[in-house]
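Remarks on the overall topology
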Amino acid sequence: MVEMIKVSKIYPPQVRALVDVSLTINNGEMFFLTGASGAGKTTLLKLLCNMEVPTNGLVEVAGKDIQKLRGRALAKMRQKIGVAYQDFKLLLDRTAAENIAISMEVSYKKSAYIKKRVKNLLERLSLADKHDAITGELSRGEQQRVALARAVANSPPLILVDEPTGNLDAVTTEGVMTLLNACKNSGATVVIATHDESIFRDTTHRVMELRSGRLHLVREGAAL
Amino acid sequence: MNFWFAVFRQAGRNLRQTWPSQCMTLLTVSLSVLIFAFFFLVYTNMLGVGDKLGDDLRLIVYLEEEPGPELQEQLRRKILAFDEVEDIRFISRLQAYERFAAQLGDDSDVLADMPQDFLPASIEVVPLKNLRSLTQLKLFSEYLAKLPGTLKVQYGQDWIERFYYFIRLLSIVVFLSGGLLILTSVFMVSYTIRLTILARQAELELLKLVGATNNYIKTPFLMEGFLQGVLGSTLGLAALYVLFQWIRSNFSGPGFLAMFEFTFFKPPFLIAIIAISILLCTIGSYTSMQKFLRT
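Presented here is an overview of the structure given in this document. The structure displayed is predicted, hence computed values, not measured ones.

Ranked by internal contacts, the top residues of the largest apolar core, which has 41 residues, are Ile197(B), Leu204(B), Leu207(B), Ile217(B), Phe265(B), Met289(B) and Phe292(B). In this structure, Phe292(B) is in contact with Ile197(B), Gln201(B), Leu204(B), Glu205(B), Lys208(B) and Ile217(B), ignoring residues within four places of it in sequence. Membership of the second largest hydrophobic core comes to 39 residues, among which are Leu127(A), Ala133(A), Ala188(A) and Val207(A).

Shown next, in the form of C-alpha cells:
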C-alpha cells in the first residue's frame with residue numbers, strides 16, 4: 001500500500017509543485033494520475049521512489065516512511081519499486097538487453113533467468129529485433145519501451161510509470177497497456193502518470209487529476 | 001548471478017572504459033614503488049655494510065712508551081671506567097713490528113735496515129656494539145686521548161664520519177621517497193577512480209535508483225584500487241630486481257663494490273611492500289567512492 005498524507009513539495013524559490021496531497025493507493029490497484037504538463041505528476045512519482053524529499057508531510061510505501069530509509073534498507077526498497085522515468089534514464093552506450101537486465105542484476109537474479117526475462121519482455125513490447133541494438137541508436141518510442149521493460153523486469157510489487165505512451169502509436173500503446181495490465185493482474189500496484197486520456201478513458205480504474213499542485217478525484221475506480 | 005560475479009564484471013567494464021588513465025596510474029604507482037624500494041634497498045644494504053665494518057671497528061691508542069704490567073693494569077682500569085668494552089689488547093713495539101712485517105709479506109725486506117722498536121706501542125680497544133654510534137665513538141676517542149702517555153687515537157674517524165653522514169642522508173631520501181609513494185598511490189588512484197566515476201556517473205546514479213546497494217556500487221572500485229596496488233607494486237619490484245641483477249652482473253668484478261655482498265629484499269619484506277601499496281591504493285579508491293556515495 002502507498003500512502004501520502006498532507007504532502008507538499010516546494011521548489012526554491014517558491015514553486016509549489018504539490019500542496020497538501022493526501023492519497024492512498026491499495027495493493028494491486030492500477031491508478032491513473034492525470035493533469036496538464038507541469039501539474040506535479042512527475043514530482044509525485046519521484047516522492048514515491050525517494051528521488052525527491054517532500055517539504056512537508058509523510059510518504060509511506062509498504063508501511064515504511066520512505067524518507068527515513070537509508071543505505072541497504074533504501075536499496076532493498078528501491079528493488080521493489082520499478083520506475084519508468086519520463087526522461088528514460090537509459091545507458092545509451094549499452095544494448096537494449098543490457099539496459100533491461102540491470103534492474104535484475106542488482107538483485108542477483110540468475111543469468112539464465114535474466115536472459116529469458118529480457119527476451120520475453122522485448123517480444124511483448126515488439127522489440128525482439130532490438131535485443132543487441134545500442135540504446136542510443138533506438139528511436140524515442142523504442143527507448144521508452146526499453147525503459148518500461150526495465151521497470152517491470154524485476155517483477156516489483158510497485159510500478160511507477162511516467163507518460164508511458166508519449167511517443168507511441170496506437171498499436172504500440174495497446175501493447176504497453178497490455179503489459180502493465182498483466183503486471184497489475186499478477187498483483188503489482190501500478191501508478192501511471194499521463195495526460196493521454198485515451199489510455200484510461202475506457203477503463204474502470206481510479207483516476208485523479210493534479211491541478212496547481214492539488215489532487216482532485218476524476219473517477220472512482222471499481223472495487224478491487 | 002551472485003555478488004562477486006557482478007563485482008568482477010563491473011570492475012572489468014570500468015577497466016575497459018578508462019584503460020588509458022588506468023595505465024598512467026599503474027605506471028605512476030610502479031615508478032613510486034621502484035624509487036622508494038631502490039633507495040630502501042641501498043639503505044638496508046648500507047646498514048649491512050655498516051654492521052660488517054663495525055665488526056672490525058677498534059680504537060687504536062698509540063702510547064709514548066711501552067707500558068709495564070702495572071701501567072697496563074692502570075690503563076685497563078681507566079678504559080673500563082668509561083664503559084664496558086669487548087676487548088683490550090696491549091701491543092708491544094716488537095709485536096707491532098712483526099704485524100707490520102707480516103702485512104708487507106714479500107716486501108718485508110724493506111724493514112731490514114729498520115730497528116725493531118721503531119713503531120710505537122699501542123692499545124687496541126674493541127668497543128661494545130652498543131657503543132658504536134658516531135657520538136659515542138667520538139666521546140670515547142676523546143676520553144682515550146686524554147689518558148696519560150697517549151700520543152694519538154685512531155679509528156678511521158674521517159671515513160666513519162663520512163659513512164655515518166651518508167647513511168643519514170640515505171635515510172632522509174628513503175623517508176622522502178616513502179612520502180612520494182604514499183602521495184602518488186593515494187592521490188593518483190583517488191583521482192583515477194574519480195575520473196572513472198565521472199565517466200560512469202549516469203550508470204552509477206541509475207544503479208542507485210534501481211536499488212543497487214552501496215557495496216554493489218563501491219566494491220568494483222575498491223577492487224580497481226586493489227589491482228592497482230598489486231600490479232603497480234609487483235611491476236615496481238620486478239623492475240628493481242632486474243636493475244639489481246644488472247648492477248650485480250656488471251659491477252661484480254674486483255673493486256670497492258666487490259668487498260661487500262649486496263642482497264635483495266627477503267620475501268617477507270617484498271610481501272610487506274606489496275601489502276602497503278595495496279592498502280594505500282585501496283584507501284585512495286575508498287575516499288573517492290565515499291565522496292560519490294555521500295552526494
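Back to the write-up after that little detour.
Moving on, we get to the sheet that holds strand E4 (residues 56-61) of chain A. Residue and element names in this part refer to chain A. Judged by pairing direction, the sheet is antiparallel, and its 4 strands sit side by side in the order E2-E1-E4-E5 without closing on themselves. The open sheet has two free edges, formed respectively by strand E2 (15-25) and strand E5 (64-65), since each of these has just one partner strand. As defined by bridge partners, strand E1 (residues 2-11) adjoins E2 across 7 bridges and the pair is classed as antiparallel. Residue pairing in the sheet places lysine 9 in a bridge with leucine 18 of E2. Packed on one face of the sheet, helix H1 (residues 41-48) meets E1, E2 and E4 and runs near 120 degrees to E1.

Residues and elements named next belong to chain A. Together, Lys64, Arg72, Lys76 and Lys80 make up a positively charged patch on the protein surface. Positionally, lysine 80 belongs in the loop between helix H2 (71-79) and strand E6 (81-84). Relative accessible area serves as the criterion here: at 46%, lysine 80 is assigned to the partly exposed category.

Time to look at the side chain of Glu224(B). Following the sequence through the fold, Glu224(B) ends up in helix H8 (residues 214-250). The residues contacting Glu224(B), other than those within four sequence positions of it, are Asn14(B), Leu15(B), Gln22(B), Ile193(B) and Thr196(B).

Following the criterion strictly, the structure yields 17 aromatic pairs over all chains and no others. Each ring, one from Phe32(A) and one from Phe200(A), has its centre 5.5 Å from the other, and the planes form 45 degrees; the classification is tilted. Of the two residues, Phe32(A) sits in strand E3 (residues 30-34) while Phe200(A) sits in the loop between strand E8 (189-193) and strand E9 (206-211), which places them 168 residues apart along the sequence. The same class applies to Phe32(A) and to Phe200(A), which are both buried. Considering the side-chain rings of Trp4(B) and Phe8(B), the 6.4 Å spacing of their centres and the 45 degrees angle between planes classify their relative orientation as tilted. Of this pair, Trp4(B) and Phe8(B) both sit in helix H1 (residues 3-17), separated by 4 residues, roughly a single helical turn. Phe8(B) sits in the exposed class, given a relative accessible area of 52%. Among the aromatic side chains, those forming a connected cluster through ring pairs are Phe36(B), Phe40(B), Tyr43(B), Tyr241(B), Phe244(B), Phe264(B), Phe265(B) and Phe269(B). Positioned over the ring face of Tyr191(B) is Arg194(B), at 4.7 Å from the centre of the ring. Positioned above the aromatic ring of Phe292(B), the side-chain terminus of Lys208(B) is 4.8 Å from the ring centre.

What follows covers unusual backbone geometry. Residue and element names in this part refer to chain A. Here the residue pair proline 12 and proline 13 is connected by a cis peptide bond, since its omega of 5 degrees sits within 30 degrees of zero. Mapped onto the fold, proline 13 is located in the loop between E1 and E2. For asparagine 50, which is not a glycine, the phi torsion comes out positive at approximately 65 degrees. Within the element layout of this structure, asparagine 50 appears in the loop between H1 and E4. Its identity as a non-glycine residue notwithstanding, lysine 89 has a phi of 50 degrees, on the positive side. By secondary structure assignment, the location of lysine 89 is in the loop between E6 and helix H3 (96-105). For lysine 89, a relative accessible area of 28% corresponds to the partly exposed category.

Here we come to the interface of chain B and chain A. Between chain B and chain A, the residue contacts involve 19 residues of the former and 21 residues of the latter. Taking both partners together, chain B and chain A bury about 1800 Å²; carbon and sulfur atoms supply 59% of that area. The interface formed by chain B and chain A contains 2 salt bridges. A salt bridge links Arg9(B) to Glu105(A), with the shortest nitrogen-to-oxygen separation between them at 2.7 Å. Viewed at the interface, chain A and chain B are joined by 4 residue pairs in polar contact (both at pLDDT 80 or more). Counting only elements with at least two residues in the side of chain B that touches chain A, the list comes to H1 and helix H7 (201-209) of chain B. Looking at which element gives the most residues to the side of chain B that touches chain A, the answer is H7(B), with 6 residues. In the side of chain B that touches chain A, the residues fall into 10 nonpolar, 4 polar and 5 charged.

What counts, and at which threshold
Residues numbered from 1 in each chain as written. Chains lettered and ligands numbered in written order. Predicted model: local features only at pLDDT ≥ 70, side-chain atom pairs only at ≥ 80, totals over all residues. Heavy atoms only, no water. Core = buried A, V, L, I, M, F, W, Y, C linked by side-chain atoms within 4.5 Å. Buried < 20%, exposed > 50% of the residue type's maximum accessible area, 1.4 Å probe, protein only. Contact = heavy atoms within 4.5 Å. Pairing = 2+ DSSP bridges. Helix = DSSP H or I, 4+ residues; strand = E, 2+ residues; numbered from the N terminus. Axes fitted to C-alpha atoms, helices over the stretch in contact; angles between N-to-C directions. Patch = residues over 30% accessible without salt bridge, like charges linked within 9 Å, V, L, I, M, F, W, Y side chains within 5 Å. Areas by Shrake-Rupley, 256 points an atom, 1.4 Å probe, with all protein chains shown as cover. Salt bridge = Lys/Arg side-chain N within 4 Å of Asp/Glu carboxyl O. Lys, Arg positive; Asp, Glu negative; His and termini not counted. Charge placed at Lys NZ, Arg CZ, Asp CG, Glu CD. Phe/Tyr/Trp six-rings, centres within 6.5 Å; stacked < 30°, edge-to-face > 60°. Lys NZ or Arg CZ within 6 Å of the ring centre and 35° of its normal. Buried area = accessible area lost by both parts, 1.4 Å probe. Polar contact = N/O pair within 3.5 Å; in protein donor to acceptor, adjacent residues only side chain to side chain. Nonpolar A, V, L, I, M, F, W, Y, C, P; charged D, E, K, R; others polar.

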